[in-house]
Amino acid sequence: MLLQTKHLSKQFNGIYALRDINFSLEAGEVHGLVGENGAGKSTLIKILTGVYSLEEGEVLWNGQPVQLHTPVESRRIGISVIHQDRTLVPTFTGIENAYLGMAYPCKGGRVDWKEMRRRVSETAQALGIELDLNKMAAEMSPPQRTCLEIVRAMMNECKLLILDEPTASLTDKESELLFGIIDTLKSKGTAILYVTHRMDEIFRLTDRITIFKNGEMVETVWTKDTDKDSLIGKMTDNWSAETIASSRRMGEELLRAEHIQSKDGIVKDASLSVHAGEILGVFGLGGSGRTELLECIYGYRPMQGGQVMLKGKKEENLTPGKAIRKGLALISEDRRGKALIGNLAIRENVALSCLGDFAAGGVISGKKEREAVSAMVKRLQVKMASEEQRAIELSGGNQQKVVFAKTLMTHPQVFLCDEPTQAVDVMTRAEIHRLLREQADQGCGVVFMSSDLKEVMEIADRIQIISGGRSRELLENDGITSQQVLACCYHQ
Amino acid sequence: MKNMKKSLQAYGTLLALAIIILVFSILRPAAFFTVRNFINISRQISLMVIISIGATLVMSINEFDLSVGSMASLGGVMSALMAVNGLPLPLCFLLPILISLVIGWINGWIVAKFKVLSFITTLGMSTVLSGVIYRLTGGATVFQNIPKGFSWLGTFKIGEIPLLSVIMLAFVVLFGFIMRHTVLGRRLYAIGGNEETSKVAGINVPLYKNIAFALCAVLSCITGMLIASRVGSANTTAGDGYFLSSYAAVFIGCTVSKKGIPNVLGTLVGCAILGILTNGLTMLQMPTYMQDIITGAIIIFAVIMQKLGKGNAN
């Protein structure tokens, strides 16, 4: 056995991200790792590559216990990882990138470029990879970069190569190229741990599959003995929300987005429609383009095609400013990066989008502003020392309340919420759910996006599936099960 | 202990100012600590204050404008040349302001549109402006045939108080108010705090960047024209020396704010510290190189303090 974990667990703030994992991997096998968002796949990879330290349990490498404290140590024993977001230096050539983190061969105190070139092209040739190694990484196409990363991984003797969603940014044709290389690696005896949401690839490539669920390992199965449906069944507790009052009446259509296509190609062809009075859940797996879709609708991310209609009226060239005036609001998933200004006071954050309401001739009435902000933070029960406190000093839940306060100040008709309960406490989470339901009952439309399927099924009236940058099924959340929802995500 | 550290952060700079004044007062009681000398200092720093307010605006959106010095030089040269060529005096001061507004707008437009470093953009603009100055003057100071009235702004006194000091005070009050109490000021600070959040919040970020750079250029230009008016001639590099000290003043000013952000009152304090140091050290007959060493050390110290004051925000 090449790799074995024994009773491996990992906690974050007292909550188990991984619990009692007994996982094993043979040399020369392609091993699939599947599970929902947050099942613990990434955590396991990070432990194996020395990013997270191991606290409970042990890792055996060729039968010997090993300590993996840093990525360097992990690489030294022969574990390499290729992430979906690549880790090349854009301005370095292929050769320089292949040598990242390794000692350069020297001759007489000078770098021996000839020797470097020889060794890198040797490695590439052995893998059947054709690549112009003198090109800068920035000039290479996505599959070329993936190839370069594989070359880099194989520069050292790599016994286990971990591929984390390697095809996320590749076209089908480019993926085929990668699969060929995987076959070559396998025939050379390198073990591969293949992590993906794509079922087709799992069945095409792997010998065995391990299923994770809620931080626990369900089981390892032989690929030839299983099929898609039973795999999906094992990835989720077949969970179904208590039926939400399905008699809820839906009002007029407030927002309709049709065939949205983002300029960067992440959103390929996605549509959605929100009515007054409803909470539309949007669910997609990591990398499905859900965040990008909302940003396109809101006018924040450049669009290539498609149209946005508000109350049946077509809107051209929406900008965030225009979107706000038309009654849209975006709660971004990236709280620190796109929703808060950490260094400014709570008052200044809350008033950010509605300064015009308190101003005459460009001059802000401090009194009006303070009154309005006070009323809003009181309504949302933000816990703080004073409204002049800097936003960064608040807890996650209270920061998110400040974001909601800012949003409510503009009286939006349609809420676009992207992971609105991410990293907030249980209490705040319930308050946010209640707040959004209230808004819907008062005639607003709410889009609720979360990577937590359970949460989406708890709160949504209908669920729109997004996968691979495209909108798929629209499900009534009426007695459906999590397994049905997941099946929609995986059957493309 | 923690409280002491906090109050030191908030009031340390003002304390330093008080200590500097105290030391000079003890060493040169008769010459330094007099009303007359303080009026004198207020005039000496007035030009630096106005140009530094410009730098404050640009720094509030987290950008740099390295062309403030050459913009000031150009302002002085343009206005002097117009006066020499017989344009009515009010126009000699108004037209350069309009031209600087356009130049600053171009700075902001390039920075916002192409998302390039303002550092490099304005360094380039600074060189362009120096070239323009040379084209206009041939490198010579403009001093012949300047009408008498041209010097009025820079030399007039209301009783004992120089008009320059009054103009400075007016700008401090005006821009202090703008930055604190208007939509414009709040949006500039928002952009400086987090550009992406500002965008999502519906703020037209490029527009406000243009405005900040344009106002900065205008204030630089005004400074340059006042320098020319004060000395009755326009030197081709008159404003260049103001570039470094204006940013020094803004950085010192950041330390006066609890949030560690650029602010007009703080900038005034920064200018006062630098101005009083120069004034006092000269009285002590300290050689210029020592003055440079002390001033430079204070600038470095202020930048470190500003970083500490910002704490762990973002």
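Residues numbered from 1 in each chain as written. Chains lettered and ligands numbered in written order. Predicted model: local features only at pLDDT ≥ 70, side-chain atom pairs only at ≥ 80, totals over all residues. Heavy atoms only, no water.

## Notes on the domain arrangement of chain A
Residues and elements named next belong to chain A.
Thinking step 1. According to the domain assignment, chain A contains domain 1 (3–235) and domain 2 (253–490).
Thinking step 2. With centres defined by C-alpha atoms, the gap from domain 1 to domain 2 works out at 35 Å.
Thinking step 3. Each partner contributes residues to the interface: domain 1 has 9 residues there, and domain 2 has 10 residues.
Thinking step 4. Note on domain 1 versus domain 2: buried area summed over both sides is about 880 Å², and carbon and sulfur give 61% of it.
Thinking step 5. Sorting the residues of domain 1 by area buried against domain 2 places N37, H197 and I232 first, and these three jointly supply 57% of that buried surface.
Thinking step 6. In this structure, the connection of domain 1 to domain 2 is made through 0 salt bridges.
Thinking step 7. Inspection of the region where domain 1 meets domain 2 yields 0 residue pairs in polar contact (both at pLDDT 80 or more).
Thinking step 8. If you tally residues by element for the side of domain 1 that touches domain 2, the top one is helix α8 (residues 228–235), at 4 residues. (Domains from an automatic or database assignment. Contact = heavy atoms within 4.5 Å. Buried area = accessible area lost by both parts, 1.4 Å probe. Salt bridge = Lys/Arg side-chain N within 4 Å of Asp/Glu carboxyl O. Polar contact = N/O pair within 3.5 Å; in protein donor to acceptor, adjacent residues only side chain to side chain. Helix = DSSP H or I, 4+ residues; strand = E, 2+ residues; numbered from the N terminus.)

## Some words on the sheet that holds strand β12 (residues 208–213) of chain A
Residues and elements named next belong to chain A.
Thinking step 1. Spatially, the 6 strands line up as an open sheet ordered β7-β10-β11-β4-β12-β13, and their pairing is mixed. Either end of the sheet is taken by a strand with one partner, and the two such strands are β7 (79–82) and β13 (216–222). Taking each pair of neighbouring strands and ignoring which way they run, the sheet shows an average axis angle of 20°.
Thinking step 2. Bridge count between strand β4 (residues 30–34) and strand β11 (residues 191–195): 4 bridges; the pairing is parallel. Across the sheet, residue V30 finds its bridge partner in β11, namely I192.
Thinking step 3. Each of β4, β10 (160–164) and β11 is contacted by helix α6 (residues 172–187), which is oriented at about 145° to β11, the strand it contacts most. (Pairing = 2+ DSSP bridges. Axes fitted to C-alpha atoms, helices over the stretch in contact; angles between N-to-C directions.)

## Things to note about unusual backbone geometry
Thinking step 1. The phi dihedral of N317 of chain A falls on the positive side, at around 45°, and the residue is not glycine.
Thinking step 2. Following the sequence through the fold, N317 of chain A ends up in the loop between β18 (313–315) and α10 (320–325).

## Focus on the packing of aromatic side chains
Thinking step 1. By the definition in use, this model includes 12 aromatic pairs over all chains.
Thinking step 2. Pairing W109 of chain B with F114 of chain B gives two aromatic rings, centres 5.5 Å apart and planes at 85°, and the pair type is edge-to-face.
Thinking step 3. Both rings, one in F171 of chain B and one in F175 of chain B, keep their centres 6.3 Å apart while their planes meet at 20°; by these two values the pair is stacked. Placement of both F171 of chain B and F175 of chain B in helix α7 (residues 163–181) is noted, with a separation of 4 residues, approximately one turn of the helix.
Thinking step 4. On the accessibility criterion, F171 of chain B (15% relative accessible area) is buried.
Thinking step 5. For F175 of chain B, a relative accessible area of 6% puts it in the buried group.
Thinking step 6. Here the aromatic residues F24, F32, F33 and F38 of chain B are joined through ring pairs into a cluster of three or more.
Thinking step 7. The lysine or arginine in question, R208 of chain A, covers the ring of W222 of chain A, its NZ or CZ lying 5.7 Å from the ring centre. (Phe/Tyr/Trp six-rings, centres within 6.5 Å; stacked < 30°, edge-to-face > 60°. Buried < 20%, exposed > 50% of the residue type's maximum accessible area, 1.4 Å probe, protein only. Lys NZ or Arg CZ within 6 Å of the ring centre and 35° of its normal.)

## Details of the interface of chain B and chain A
Thinking step 1. Chain B puts 24 residues into the contact, and the matching count from chain A is 30 residues.
Thinking step 2. For the pair chain B and chain A, the summed buried area comes to about 2300 Å², and 58% of that belongs to carbon and sulfur atoms.
Thinking step 3. When the buried area of chain B at its contact with chain A is split by residue, R186, V200 and K259 of chain B rank highest and sum to 31% of it.
Thinking step 4. Counting every contact that joins chain B to chain A gives 2 salt bridges.
Thinking step 5. Residue K259 of chain B pairs with E348 of chain A through a salt bridge whose shortest N-O separation is 2.9 Å.
Thinking step 6. Between the two partners, chain B and chain A, sit 14 residue pairs in polar contact (both at pLDDT 80 or more).
Thinking step 7. Only α7, α8 (183–193) and α9 (195–200) of chain B provide two or more residues apiece to the side of chain B that touches chain A.
Thinking step 8. Element by element, the count of residues in the side of chain B that touches chain A is highest for α8 of chain B, at 6 residues.
Thinking step 9. Here the residues of the side of chain B that touches chain A sort into 9 nonpolar, 9 polar and 6 charged. (Nonpolar A, V, L, I, M, F, W, Y, C, P; charged D, E, K, R; others polar.)

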